[in-house]
Amino acid sequence: NNNNKINSDMKQALTIDQAMQNPQALAALQDKIDNVSHSASIMDSLPKSVKRRVNALKNLQVNSTHIEAKFYKEVHELERKYSALYQPLFDKRRNIVSGEVEPTDEECEWQSDHEDEAALAEDLKKKAAIEEKTEDANEEKPKGIPEFWLTIFRSVDMLSDMLQEHDEPILKHLQDIKVIFSGPDQPMSFTLEFHFEPNEYFTNTVLTKVYKMKSEPDAEDPFSFEGPEIIDCEGCEIDWHKGKDVTVKTIKKKQKHKGRGTARVITKQVPNDSFFNFFNPIKVSPDKELDEDSEYTLATDFEIGHFFRERIIPRAVLYFTGEALEDDENEEDEDDEEEGDSKVSVDLDHYLN
């Protein structure tokens, strides 16, 4: 079907694009081609009776992929179940970040890695308590954790690449990001919800992005199945206040009248780079093929959605402090050491799943 073709075309476009820029990617691509040729040559060299048995094994392998697909559907159900258990913790995180709730002293205690650091922290705490008593009672104190989500956006490369200067004042109003999993009787999907406090930019309190998934082997290429993959996404309409839409900009252009030869200045709106274009993704049409740029953009969108779901939302405080960034870098270094040249093709497949 069209979704399978788009996914296949995305992989091909990304592979070619990376290969042109990276000699390791080119080598990995060549290895894939060699492996296909090698497989064909092995089958050609086998006696007919052995070929029949190999085909029987391949049919067993197809059955195995269908069992694997059921496994991943049950994993999705487990994610949905445990999401409900995590949610009270995430709700409390939101309340602390927004300043609606002040955590108790006990909740704020954090075990230091070293005893001497703990002792120093205790001294600083006592000193801060003394200084706090001498402060002016009317002095304004920060509420909650200011710019919590904006700091995360700035810190994570994948998000900062989309972030524009005119987006930042809006994202200061972002209070929470949630992931909602589809129900047991619904097609597999997950929804990202971005919750905003009332602001001067738009009337929405929640912006949503739905990612549709499938967890079934492709009938034409069942052995390519590696688990659930995102196949499409839907954004939402943002109800911008007049003059506040950062996804467009107004330009002035001189236009010459053909008959009179006089010139006039006209204004028109054109698309503008913004994180909020995230909520207006490329539409996948069954009747129209996407060009390579659109395919790449859509694949990047899928990766960002997956990253929000798997990394940002569950571990937000660690991305705020930067600790998760260090973990991500360490994981990448380990992958480089373990996988070497093959990492390019592995990452490419993960990028689209």
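Our structure's up above, just so we're on the same page.
Residues numbered from 1 in each chain as written. Predicted model: local features only at pLDDT ≥ 70, side-chain atom pairs only at ≥ 80, totals over all residues. Heavy atoms only, no water.

Undergrad: So what's going on with the pattern of salt bridges? Residues and values would help.
TA: When charged atoms on two side chains of opposite charge get close, those side chains can pair. Going through the model one piece at a time under the given rule, you end up with 13 salt bridges. Here Arg154 makes a salt bridge to Glu168, at a shortest N to O gap of 2.7 Å. Linking Arg154 in helix H6 (residues 148-155) with Glu168 in helix H8 (residues 168-171), this pair joins segments that are 14 residues apart in sequence. Overall, Arg154 belongs to the partly exposed group, its relative accessible area being 37%. On the basis of relative accessible area, Glu168 is assigned to the partly exposed category, the value being 21%. Linking Glu234 and Lys212 is a salt bridge whose minimum nitrogen-to-oxygen distance equals 2.7 Å. Of this pair, Glu234 sits in strand E4 (residues 229-234) while Lys212 sits in strand E3 (residues 206-214), and the two are 22 residues apart along the sequence. A residue is classified by how much of its surface remains accessible, and Lys212, at 31% relative accessible area, is partly exposed. (Salt bridge = Lys/Arg side-chain N within 4 Å of Asp/Glu carboxyl O. Helix = DSSP H or I, 4+ residues; strand = E, 2+ residues; numbered from the N terminus. Buried < 20%, exposed > 50% of the residue type's maximum accessible area, 1.4 Å probe, protein only.)

Undergrad: Hey, could you go over the environment of Tyr211 for me, with residue numbers and the actual values?
TA: Within the secondary structure, Tyr211 is located in strand E3. Separated by 21 residues in the primary sequence, Tyr211 and Phe190 have C-alpha atoms spaced 5.5 Å apart. In contact with Tyr211, other than residues within four places in its own chain, are Ser189, Phe190, Leu192, Ile230, Asp232, Cys233, Phe278, Asp301, Phe302 and Gly305. (Contact = heavy atoms within 4.5 Å.)

Undergrad: Could you give me a rundown of a nonpolar patch on the surface, with the residues and numbers involved?
TA: Side chains of Leu78, Tyr82, Leu85, Tyr86 and Leu89 sit close together on the surface and give an oily, nonpolar patch of about 540 Å² of accessible area. Within the secondary structure, Leu78 sits in helix H3 (residues 48-98). Looking at Leu78, the relative accessible area reads 47%, which means it is partly exposed. (Patch = residues over 30% accessible without salt bridge, like charges linked within 9 Å, V, L, I, M, F, W, Y side chains within 5 Å. Areas by Shrake-Rupley, 256 points an atom, 1.4 Å probe, with all protein chains shown as cover.)

Undergrad: Give me the lowdown on the pairing of E4, citing residues and values where you can.
TA: Counting buried positions along E4 gives five out of six residues, so the element sits mostly inside the fold. By the bridge criterion, five bridges tie E3 to E4 in an arrangement that is antiparallel. Across the sheet, Met213 pairs through a bridge with Ile230, a residue of E4. (Pairing = 2+ DSSP bridges.)

Undergrad: Describe the sheet that holds strand E1 (residues 174-181), listing the residues and the values that go with them.
TA: The strand order E1-E2-E3-E4 describes an open sheet built from four strands, whose pairing is antiparallel. Unpaired on one side and paired on the other, E1 and E4 mark the two borders of the sheet. Between one strand axis and the next, the sheet turns through 20 degrees on average, direction left out of account. Sheet strands touched by H3: E1 and strand E2 (189-196). Its angle to E1, the strand with the most contacts, is close to 170 degrees. Packing against the sheet, H6 makes contact with E1 and E2, and its axis sits at approximately 75 degrees to E1. (Axes fitted to C-alpha atoms, helices over the stretch in contact; angles between N-to-C directions.)

Undergrad: Account for the packing of aromatic side chains, naming residues and giving values.
TA: Two aromatic rings, taken as a pair, are described by how far apart their centres are and by the angle between their planes. Counted according to the given criterion, the structure contains 24 aromatic pairs. Residues Phe194 and Phe308 carry aromatic rings whose centres are separated by 5.4 Å and whose planes lie at 90 degrees to one another, so their mutual orientation is edge-to-face. One end of the pair, Phe194, is in strand E2; the other, Phe308, is in helix H9 (residues 292-312), and 114 residues separate them in sequence. An identical accessibility class is assigned to Phe194 and Phe308; each is buried. Through a chain of ring-to-ring contacts, three or more aromatic side chains come together here, namely Phe153, Phe194, Phe196, Phe202, Trp240, Phe275, Phe276, Phe278, Phe279 and Phe308. Here the guanidinium or amino end of Lys209 rests over the ring plane of Phe278, the centre of that ring lying 3.5 Å away. The positively charged end of Arg309 is found above the aromatic ring belonging to Phe190, 4.8 Å away from the centroid. (Phe/Tyr/Trp six-rings, centres within 6.5 Å; stacked < 30°, edge-to-face > 60°. Lys NZ or Arg CZ within 6 Å of the ring centre and 35° of its normal.)

Undergrad: Talk me through H3; I want residue IDs and the actual numbers.
TA: Between its first and last C-alpha, H3 extends 70 Å over 51 residues, near the 75 Å set by a 1.5 Å rise per residue. The sharpest bend along H3 measures roughly 40 degrees and falls at Tyr86, with the proline Pro88 sitting one to four residues further on. Check the buried side of H3 and you find it contacts H6, E1, E2 and helix H10 (316-321). Two residues or fewer past H3, Gly99 is found with a positive phi of approximately 90 degrees. (Expected span 1.5 Å × (residues − 1). Bend = angle between axes of the 7 residues up to and from the residue.)

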